[in-house]
Amino acid sequence: MIDIDKIFSDGVEGSFLVEIAARTIIMFLLILIILRLSGRRGVRQLTVFEVAIIISLGSAAGDPMFQEDLPISYSVVVFICVISVYKLITWLTYKSEVITHLLEGKVLPIVKDGVFHIKHENDDNFSRMEFFSELRNLNVEHLGQVKEGVLEIDGTLSVLFYADDDVRYGLPLFPSSYKMVDVSNSEGPFACMYCGHVVFSFDSDSESCTRCHRKQWSKAMNSRRV
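These numbers come from a predicted model, not from an experiment.

## Thoughts on the pairing of strand S1 (residues 108-112)
Phase 1 of the analysis: As judged from the 4 bridges shared by S1 and strand S3 (residues 146-151), these two strands associate in the antiparallel manner. Looking at the pairing, Leu108 lines up with Leu151 of S3.
Phase 2 of the analysis: For S1 and strand S2 (residues 115-116), the ladder comprises 2 bridges, and the chain directions are antiparallel. Each bridged residue has a counterpart across the sheet, and for Val111 the counterpart in S2 is Phe116.

## Observations regarding the environment of Val199
Phase 1 of the analysis: Mapped onto the secondary structure, Val199 falls in strand S6 (residues 198-199).
Phase 2 of the analysis: A sequence separation of 11 residues divides Val199 from Gly188, and the C-alpha atoms of the two residues are 7.2 Å apart.
Phase 3 of the analysis: Beyond its immediate chain neighbours, meaning those up to four positions away, Val199 contacts Pro189, Phe190 and Trp217.

## Observations concerning the sheet that holds strand S7 (residues 217-219)
Backbone hydrogen bonds hold the strands of a sheet together, and the pairing may be parallel or antiparallel.
Phase 1 of the analysis: In space, the 3 strands of this open sheet follow the order S6-S5-S7, with antiparallel pairing throughout. This sheet does not close on itself; its edge strands, each paired only once, are S6 and S7.
Phase 2 of the analysis: Inspection of the sheet shows strand S5 (residues 190-192) paired to S7 by 3 bridges, in the antiparallel sense. Across the sheet, the residue bridging to Cys192 is Trp217, located in S7.

## Describing the sheet that holds strand S4 (residues 157-161)
Phase 1 of the analysis: An order of S2-S1-S3-S4 is seen for the 4 strands of this open sheet, with the pairing classed as antiparallel. Either end of the sheet is taken by a strand with one partner, and the two such strands are S2 and S4.
Phase 2 of the analysis: Along the sheet, helix H6 (residues 128-137) contacts S1, S2, S3 and S4; its crossing angle with S4, the most-contacted strand, is approximately 65°.

## Comments concerning helix H4 (residues 72-95)
Phase 1 of the analysis: Helix length check: H4 (24 residues) gives 35 Å between terminal C-alpha atoms against 34 Å at 1.5 Å per residue, within 8%.
Phase 2 of the analysis: Of all the positions in H4, only Ile72, Ser75, Phe79, Val82, Ile83, Tyr86, Ile89 and Thr93 are classed as buried.

## Structural notes on the pattern of salt bridges
Phase 1 of the analysis: For the structure shown, the criterion picks out 2 salt bridges.
Phase 2 of the analysis: A salt bridge links Lys112 to Glu148; its shortest N-O distance comes to 3.7 Å. A residue pair is termed long-range when its members are at least 10 positions apart, and Lys112 in strand S1 and Glu148 in strand S3 qualify at 36 residues.
Phase 3 of the analysis: For Glu148, a relative accessible area of 30% puts it in the partly exposed group.

## Describing the pairing of S4
Phase 1 of the analysis: In the sheet, S3 pairs with S4 via 5 bridges, with the strands oriented antiparallel. Its bridge partner lying in S4, Glu148 is registered against Leu160.
Phase 2 of the analysis: Hairpin remark: S3 followed by S4, antiparallel, with 5 residues in the connecting loop; positive phi at Gly155, about 95°.

## What to know about H6
Phase 1 of the analysis: Those residues of H6 that sit buried are Phe131, Phe132 and Leu135. Viewed along the axis of H6, the buried residues span an arc of 110°, placing them on a single side of the element.
Phase 2 of the analysis: Against the buried residues of H6 lie S1, S2, S3 and S4.

## Comments concerning the packing of aromatic side chains
Phase 1 of the analysis: Per the stated rule, a full pass over the model turns up 5 aromatic pairs.
Phase 2 of the analysis: For the ring pair Phe132 and Tyr178, a centre distance of 5.1 Å and an interplane angle of 85° mean the geometry is edge-to-face. Highlighted residues: Phe132 in helix H6 and Tyr178 in the loop between S4 and S5, separated in sequence by 46 residues.
Phase 3 of the analysis: Aromatic side chains Tyr169 and Phe200 sit 5.5 Å apart centroid to centroid with 90° between the ring planes, which places their arrangement in the edge-to-face category. Linking Tyr169 in the loop between S4 and S5 with Phe200 in the loop between S6 and S7, this pair joins segments that are 31 residues apart in sequence.
Phase 4 of the analysis: A relative accessible area of 54% places Phe200 in the exposed class.
Phase 5 of the analysis: An aromatic cluster is defined as three or more aromatic residues linked by ring pairs; in this entry it consists of Phe116, Phe132 and Tyr178.
Phase 6 of the analysis: Between the NZ or CZ atom of Arg225 and the centre of the ring of Phe161, over which it lies, the distance is 3.6 Å.

## Digging into the side chain of His197
Phase 1 of the analysis: For His197, the location among the structural elements is in the loop between S5 and S6.
Phase 2 of the analysis: A polar contact of 3.3 Å, which involves the side chain of His197, links it to the side chain of Thr210.
Phase 3 of the analysis: In contact with His197, not counting residues within four places along its chain, are Val115, Phe190, Ala191, Cys192, Cys209, Thr210, Arg211 and Trp217.

About the cut-offs
Each chain carries its own residue numbering, running from 1 in the direction its sequence is written. The predicted origin of the model limits local features to residues at a pLDDT of at least 70 and limits the giving and counting of side-chain atom pairs to 80 or more, whereas totals for whole chains, interfaces and linings rest on all residues. With hydrogens and water set aside, each side-chain value is computed from the structure's full complement of heavy atoms. Think of it this way: DSSP has to see at least two bridges between two strands before they count as a pair. Every helix listed is a DSSP run of H or I at least four residues long, and every strand listed is a run of E at least two residues long, numbered separately from the N terminus. Here, residues are in contact when the closest pair of their heavy atoms is within 4.5 Å. Every axis in this analysis is a line fitted to C-alpha atoms, fitted for helices over the stretch in contact. Angles between the N-to-C directions lie between 0 and 180 degrees. Here a helix's expected span is defined as the number of its residues, less one, multiplied by 1.5 Å. For every residue, the accessible area obtained with a 1.4 Å probe (protein chains only) is divided by the maximum for its type, and the residue is called buried under 20%, exposed over 50%, and partly exposed between those limits. For salt bridges, the criterion is a side-chain nitrogen of Lys or Arg within 4 Å of an Asp or Glu carboxyl oxygen. When we speak of the arc, we mean the arc of directions from the helix axis to the C-beta atoms. For this analysis, a ring pair means two rings from Phe, Tyr or Trp (six-membered ring only for Trp) whose centres lie within 6.5 Å, classed as stacked if their planes differ by under 30 degrees, edge-to-face if by over 60, and tilted for the remaining angles. By definition here, charges over rings are those cases where NZ of Lys or CZ of Arg is within 6 Å of the ring centre and within 35 degrees of the ring normal. Side-chain atoms alone can form a polar contact between residues adjacent in sequence; in general such a contact is a pair of N or O atoms within 3.5 Å, and within protein one must be able to donate a hydrogen while the other accepts it.

Structure follows, in structure tokens:
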């Protein structure tokens, strides 16, 4: 049988429960102060560097909340060190573009002129299906509506759209239209299902894409954005 009392109250001291409550409140207020001193007005998407800072603060803040043998002054020293390093590295990234790219990464091109940027096809950060989802969330029906799209260092996707009169044929992004077709028995234009390259017809017996050399094609679309 499970001993509920042992799980929840074995060895519990009422006076220490009050101390835990006080420690928790103090540490929570210290975390708010430190984050405010870091200069962030809020939290949206975080860079890898900022995630490391938060993990460091969380580790230093959590233990003193309930461990009697850890005085809060230890955490205050950790907080001061972490925020000092944060300010130093922030200053260095302001002074050096190399350090900025080393710590935070670079902007990653995703879409250019209505087709996927395939230079980073072997990059672990490059997932076409993930970007399909991000573009759909921006009400993009096909790549022909997108002039340029980049993945920011904070993980957000920034997109420039073609004007309605400049929309071209592009690869569909929604499952209802993103389907492979037999190009020998269908009429173009076709869009490569891997890179988005559009062809209106094939000049030879080869059905390979001239950009990525794949052979899976979908019917291209040229509808305007709604």
